[in-house]
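# Chains, contacts and geometry: an overview
Listed below are the residues making up each chain.
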Amino acid sequence: MTRCFEGVSMSEAPAIPMTILTGFLGAGKTTVLNRLLREAHGRKIAVLVNDFGAINIDAQLVVGIERNDIVNLANGCICCTIREDLLTATLALLDRAERPDAIIVEASGISDPLAIAWTFRSPALRPHITLDAIVAVVDAERIYEQREQVMQVVDQIAAADMVVINKIDLVPPLHIHAVMTWIQSIVPRARIVAAEYGDVPVQVLLGSGIYRIALLPNQEVPEPHTHHHDHEWQTWHYQTTQPFHLRRLQHALHHLPPSIFRAKGIVALAEAPDRQAIVQVVGNRASVQLSTPWGLTSPYSQLVVIGQRKRFDVVALRQQFHACLASGDHELCDQRPSANAWSHPDQAP
Ligand SMILES: Nc1nc2c(ncn2[C@@H]2O[C@H](COP(=O)(O)OP(=O)(O)OP(=O)(O)O)[C@@H](O)[C@H]2O)c(=O)[nH]1
């Protein structure tokens with residue numbers, strides 16, 4: 001099939017470089033992306049953002065880009081359950097009158113980057129996309145505990161052409177050196193850069209052309225049901241139009257069950273009714289920060305938590321967040337984990 005745009009057939013158009021941004025939950029992928037998009041790079045960059053849960057908070061947190069250049073791929077993992085969506089979304093980008101100069105895929109924190117790379121080797125995309133690099137973001141502070149608990153962490157690093165050791169402000173220099181040595185032992189040929197708040201120049205991240213196709217498995221990656229992460233993770237979300245009480249919310253965020261690895265969201269606060277607030281929880285670090293004004297948008301709150309499957313009690317969690325609302329009537333919008341609050345049908349409680 002030959003597709004046309006601006007008088008040129010798609011088969012004649014130069015292939016678009018694609019970067020896959022991987023890294024475990026909360027490592028700093030969106031931070032790296034935002035830092036890059038804010039830089040005056042002069043390129044038209046399109047971003048495909050995948051969140052594991054039903055609500056894609058990440059797509060809302062990406063800034064410095066036209067909204068129609070962000071494609072939201074939520075409620076499943078682009079490496080397995082929603083691979084078709086990734087394919088379709090990429091083809092739609094290729095069909096645009098103004099094609100992007102570069103495409104970045106921000107993968108969900110639990111996805112397998114090699115499986116994503118495989119999608120771009122499919123006959124439909126192969127002539128039009130050139131894989132530039134798989135970039136893995138690593139949380140310098142948490143990497144040791146994460147590698148003990150979660151096998152995807154090491155797999156993501158092993159698949160990388162470039163590794164960004166992020167959050168170096170949170171650890172001493174000797175620790176950074178040790179993490180670097182460990183990463184080198186896993187991927188000796190990968191480029192390794194250390195960064196604070198994802199501060200890596202665009203020239204380093206994009207257009208490096210260091211993708212190693214040799215890493216791709218010869219056979220297509222396993223079907224979803226044999227993918228180990230399907231059975232390990234679950235997400236749950238809480239939504240309300242009621243504002244939160246800041247101190248109560250902060251207290252709750254600091255007392256989440258240890259089986260929850262990540263929580264994030266956009267919330268309304270009674271104390272600051274005009275501004276959005278961003279909630280971030282990674283391990284035992286939690287923050288609520290004021291962000292942009294609500295403007296014409298009616299205030300809302302959306303919180304997503306990601307944790308080990310069946311290791312947290314959603315009823316207790318719902319009560320915990322419910323008790324943080326500032327209003328007296330405590331109207332609850334999300335009484336039950338809805339069908340799509342579970343990332344996979346077989347994960348319903
Ligand atoms: N101290 C510190 N915090 C950081 C740094 N980089 C990111 N963070 C914080 O870490 C939290 C998670 O960052 P994100 O960029 O959202 O992480 P992510 O990998 O996109 O998260 P998921 O998409 O949920 O997997 C946020 O609160 C960031 O502000 C850093 O270098 N230092």
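A quick note: this is a predicted structure, and the numbers were derived from the prediction, not measured. (Residues numbered from 1 in each chain as written. Predicted model: local features only at pLDDT ≥ 70, side-chain atom pairs only at ≥ 80, totals over all residues.)

### Description of the pairing of strand β7 (residues 129-139)
Two faces make up the sheet, and in a regular strand the side chains alternate between them. Burial within β7 is extensive, with ten of its eleven residues counted as buried. Summarising the sheet, strand β3 (residues 16-22) and β7 pair through seven bridges and their orientation is parallel. Directly across from M18, in β7, lies its bridge partner L131. In this sheet, strand β8 (residues 162-166) lies alongside β7 in parallel orientation, the contact comprising five bridges. Following the sheet pairing, V135 is matched in β8 by M162. (Buried ≥ 20, exposed ≤ 12 C-beta atoms within 10 Å, placed from the backbone. Helix = DSSP H or I, 4+ residues; strand = E, 2+ residues; numbered from the N terminus. Pairing = 2+ DSSP bridges.)

### Quick look at the sheet that holds strand β13 (residues 285-293)
Strand order across the open sheet formed by five strands is β10-β14-β11-β12-β13, with antiparallel pairing between neighbours. Lying at the two open borders of the sheet, with one neighbouring strand each, are β10 (233-240) and β13. Averaged over all neighbouring strand pairs, the angle between strand axes comes to 15°, with direction disregarded. As paired elements, strand β12 (residues 272-282) and β13 share seven bridges and run antiparallel to each other. Note on β13: the bridge partner recorded for I278 is Q289. Sitting on the sheet, helix α10 (residues 314-322) is in contact with β10 and β14 (301-308), with an inclination near 30° to β10. (Axes fitted to C-alpha atoms, helices over the stretch in contact; angles between N-to-C directions. Contact = placed C-beta atoms within 7 Å.)

### Points about the domain arrangement of the protein chain
Entries for the protein chain in the domain assignment read domain 1 (4-228) and domain 2 (233-347). Looking at side-chain class alone, the side of domain 1 that touches domain 2 contains seven nonpolar, seven polar and one charged residues. (Domains from an automatic or database assignment. Nonpolar A, V, L, I, M, F, W, Y, C, P; charged D, E, K, R; others polar.)

### Considerations on the confidence of the model for the protein chain
The share of residues in the protein chain with pLDDT of 70 or more is 87%, and the mean pLDDT across the chain is 86. Low pLDDT (under 50) marks residues 4-8, which in the prediction has eight contacts with non-local residues, meaning those over four places away or in another chain. The model gives residues 329-349 a pLDDT under 50, and that stretch makes 37 contacts with residues more than four places away or in other chains. For this predicted complex, the interface confidence reaches an ipTM of 0.99, while the overall pTM sits at 0.88. (pLDDT = per-residue confidence, 0-100.)

### Concerning the nonpolar core
Of all hydrophobic cores here, the largest spans 94 residues; its most connected members are V135, V138, V163 and V164. A total of eight residues in this core trace back to one element, the largest contributor, which is β7. Each of domain 1 (4-228) and domain 2 (233-347) contributes no fewer than three residues to this core. Other than its neighbours up to four places away in sequence, V164 contacts V32, V135, V137, V138, V193, A195, G198 and V200. (Core = buried A, V, L, I, M, F, W, Y, C linked by C-beta atoms within 7 Å.)

### Some thoughts on helix α1 (residues 29-38)
Here α1 lies mainly inside the structure; seven of its ten residues are buried. Regarding α1, the residues found buried are K29, T30, T31, V32, L33, R35 and L36.

### Quick look at the site of the ligand
Around the ligand, the structure places 22 residues, and the nearest of them are K29, T30, T31, G109 and Q280. Secondary-structure elements contributing two or more residues to the shell around the ligand are α1, β11 (260-269) and β12. Per element, the largest residue contribution to the shell around the ligand is three residues, and it comes from α1. Residues that form the shell around the ligand fall into these classes: five nonpolar, ten polar and seven charged. (Near = placed C-beta within 6 Å.)

### Some remarks on the environment of V200
One can find V200 in the loop between β9 (191-194) and α8 (202-205). For V200, a count of 22 C-beta atoms within 10 Å puts it in the buried group. Along the sequence, V200 and R35 sit 165 residues apart, while their C-alpha atoms lie 7.7 Å from each other. Setting aside residues no more than four positions away along its own chain, V200 makes contact with V32, V164, V193, A195 and L205.

### What to know about the environment of I176
The residue I176 is located in helix α7 (residues 173-186) in this model. Taking the C-alpha atoms as reference points, I176 and I165, separated by eleven residues in sequence, lie 7.8 Å from one another. Residues within four places of I176 in sequence aside, it is in contact with A140, I165, I168, V171 and A194.

### Concerning the environment of N56
The residue N56 is located in the loop between β4 (45-50) and α2 (57-61) in this model. Accessibility expressed as a C-beta count within 10 Å gives 21 for N56, which makes it buried. In this structure, the C-alpha to C-alpha distance between N56 and Q302, residues 246 residues apart in sequence, is 9.8 Å. Ignoring anything within four residues of it in the chain, the contact list for N56 reads V49, D51, N72 and A74.

### Some thoughts on the sheet that holds β3
With respect to topology, seven strands assemble into an open sheet ordered β5-β4-β6-β3-β7-β8-β9, the strand pairing being parallel. Each edge of the sheet is formed by a strand with only one pairing partner; in this case those strands are β5 (70-73) and β9. Ignoring which end each strand starts from, the neighbouring axes of this sheet average 20° apart. Both β4 and strand β6 (residues 102-106) contribute to a ladder of five bridges, which runs parallel.

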